[in-house]
Amino acid sequence: MTDVTTMPKVEEITALFTRADGSYRFARWGRPIVPVVFGVDAATLAIVKGATEAVVVLANAKMAETDAEIGANLMIFFFRDWQELLEVPNLDQMIDGLSDIVARLDDAGANQFRTFRFDDAGAIRACFSFIRMDAALDEVPAETIALNQAVQMILTWGERAFSAQPPLAEAKGVAVIRPEIAAVIRAAYDPVMPAVATDASHALRLSARIGFGGAA
C-alpha cells in the first residue's frame, strides 16, 4: 500500500491527464515497447535504455526486441538543432507536418517535443521523443534526462502535468521518480484498469488503486 503521505489527491491525478482544452485524456501502451535511440554514444545509449527499462518494470509493462508493425515503436532523438530533423530519412512520413513543427519549436527555442501514435482502441502504439541538447540540458546529467524521458513516454500526461513540479526528485544526489508519480504509473498499468480513458472519473479509480489496491 502506498504511504498516505505521498498518495496524490484525486484532483492532482485529474490534473496530470487534463489537456490544455480542459478535456481528460489518458492512455497507456497497448503493446510491448521497443526503443531505439539516435544521436548518442554507446555509453549514453546504455543509460537511456536502462532508464526506459526501469520505468517499464515499474509499470509492469513489457519490452520487446521488435514491433511486428513498425520495427521500433519508441524512437528517441538527441540533436543540437531542430533543423537536423528535416534531414532524417523518412521522418516526415512518420510525423505529419514535420516542417511546420520544426519551425514552431525552433522559433520557441524549445528543447523537447514528444508526440504519440495510437491504435484503433486508443492505446499508445508509438512515441517519438525529441531532445535538443541546448546549454541548459548540457548541464543536466544524462541519467536525469533519460529517466525524465522514460517517465514522459510511459503515459499520455497532460501538457501542464509537470509545469509546477517535475516528475523527478533527487535522493542522495541521484535522480528518482517522485513517489506519487511512481504510484500513478503503477496504478495506471494495473490489469483491471482500462488502457484508455476520456472521463475524469478514471482519476477516482486510479486513486482507489493507489490508496487501497482494491477493486476499481
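Residues numbered from 1 in each chain as written. Predicted model: local features only at pLDDT ≥ 70, side-chain atom pairs only at ≥ 80, totals over all residues. Heavy atoms only, no water.

A. Here's a closer look at the side chain of Thr52. As for its placement among the helices and strands, Thr52 is situated in helix 2 (residues 42-59). Overall, Thr52 belongs to the buried group, its relative accessible area being 2%. A distance of 2.9 Å separates a polar atom in the side chain of Thr52 from the backbone oxygen of Val48. Beyond its immediate chain neighbours, meaning those up to four positions away, Thr52 contacts Pro35, Met63, Leu74, Ile76, Ala150 and Met153. (Helix = DSSP H or I, 4+ residues; strand = E, 2+ residues; numbered from the N terminus. Buried < 20%, exposed > 50% of the residue type's maximum accessible area, 1.4 Å probe, protein only. Polar contact = N/O pair within 3.5 Å; in protein donor to acceptor, adjacent residues only side chain to side chain. Contact = heavy atoms within 4.5 Å.)

B. Region of interest: the domain arrangement of the chain. Domain assignment breaks the chain into domain 1 (1-28 + 159-215) and domain 2 (29-154). Each of domain 1 and domain 2 was reduced to a C-alpha centroid, and the two centroids are 21 Å apart. Linking domain 1 to domain 2 there are 0 salt bridges. Run the count over domain 1 and domain 2 and you get 5 residue pairs in polar contact (both at pLDDT 80 or more). (Domains from an automatic or database assignment. Salt bridge = Lys/Arg side-chain N within 4 Å of Asp/Glu carboxyl O.)

C. Examining the packing of aromatic side chains more closely. Summed over the entire model, instances satisfying the criterion amount to 9 aromatic pairs. Note on Phe17 and Trp157: the rings are 5.2 Å apart at their centroids and 15 degrees apart in plane angle, and the pair reads as stacked. In this pair, Phe17 is assigned in the loop between helix 1 (10-16) and strand 1 (26-27) and Trp157 in the loop between helix 6 (142-154) and strand 6 (168-171), connecting sequence segments 140 residues apart. Just as Phe17 is buried, Trp157 falls in that class too. An angle of 65 degrees between the planes, with centres 5.0 Å apart, marks the rings of Phe79 and Trp82 as edge-to-face. Neither residue differs from the other here; Phe79 and Trp82 are each classed as buried. Three or more aromatic residues joined by ring pairs form one cluster here, namely Phe17, Tyr24, Phe26, Trp157 and Phe162. The residue whose ring lies beneath Arg25 is Phe118, and the NZ or CZ to ring-centre distance is 4.6 Å. (Phe/Tyr/Trp six-rings, centres within 6.5 Å; stacked < 30°, edge-to-face > 60°. Lys NZ or Arg CZ within 6 Å of the ring centre and 35° of its normal.)

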